[in-house]
Amino acid sequence: LDMSFVTANDGVKLRYTEHSTKGPPVVLIHGWSGSSKYFALNVAELAQTCRVVTMDLRFHGESDKPAWGFSVARLAADLHALITSTQLSIGKPAVLGSSLGCAVIWSYVELYGQEGLSKCVF
C-alpha cells in the first residue's frame, strides 16, 4: 500500500493511494463527505487484476482543506493533476465515481475531454 501526495496547480496537496501496480489503471473517486476509505471493501478484489488508485478529494480525508477551490470544476482539475502526474504515470485510466465523484468525472470530461480516459463508470 503506497500512500502519496500529488500537488495540484494551486498548491493543494491531494492524497492518493496506489493499491496495486499491475493491470489496467482504475481511479476510484468517492462522494461528498467521504474519503478513499469509501472503497475499502472493493479495493482488494479490484487490485487482483487492476492497478487501483484511490484519492481523497480536496476538503476530504487526508488531502488539504484550503480556504479556496470549493467547486466541482476545481475537483475535476484536481483529478486531472492526479491523472497527469509524472510521479504516478498512470496513463489512460478508467475512472469510477460515486455520488459527487460522478459529477467530478462529468466536469473532467467537459474541461479536458475524454481522450485521457479509457472508461467512465458512474
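Structure shown above.
Residues numbered from 1 in each chain as written. Predicted model: local features only at pLDDT ≥ 70, side-chain atom pairs only at ≥ 80, totals over all residues. Heavy atoms only, no water.

S.K.: Pulling in residues and values, what's your account of the packing of aromatic side chains?
M.R.: What the rule picks out here adds up to 5 aromatic pairs. With a centroid separation of 5.0 Å and 90° between ring planes, the pair formed by Y38 and F39 is classed as edge-to-face. Looking at F39, the relative accessible area reads 4%, which means it is buried. For the ring pair W106 and F122, a centre distance of 4.9 Å and an interplane angle of 10° mean the geometry is stacked. Of this pair, W106 sits in helix α3 (residues 100-112) while F122 sits in the segment after β6 (119-121), placing them 16 residues apart in sequence. By relative accessible area, W106 is classed as exposed at 53%. (Phe/Tyr/Trp six-rings, centres within 6.5 Å; stacked < 30°, edge-to-face > 60°. Buried < 20%, exposed > 50% of the residue type's maximum accessible area, 1.4 Å probe, protein only. Helix = DSSP H or I, 4+ residues; strand = E, 2+ residues; numbered from the N terminus.)

S.K.: How would you explain the pattern of salt bridges if you had to name every residue and give the values?
M.R.: Evaluation of the coordinates by the stated rule reveals 7 salt bridges. For R58, the salt bridge identified is with D10, shortest N-O distance 3.0 Å. Separated by 48 residues along the polypeptide, R58 in the loop between β4 (51-55) and α2 (72-83) and D10 in the loop between β1 (2-7) and β2 (13-18) bring together distant segments of the chain. Across the pair E18 and R51 runs a salt bridge whose closest N-O atoms are separated by 2.5 Å. You can see E18 sitting in strand β2 and its partner R51 sitting in strand β4, a full 33 residues away along the chain. Both residues of the pair, E18 and R51, belong to the buried class. By sharing partners, the salt bridges in this structure join D10, R58, R74 and D78 into a single network. (Salt bridge = Lys/Arg side-chain N within 4 Å of Asp/Glu carboxyl O.)

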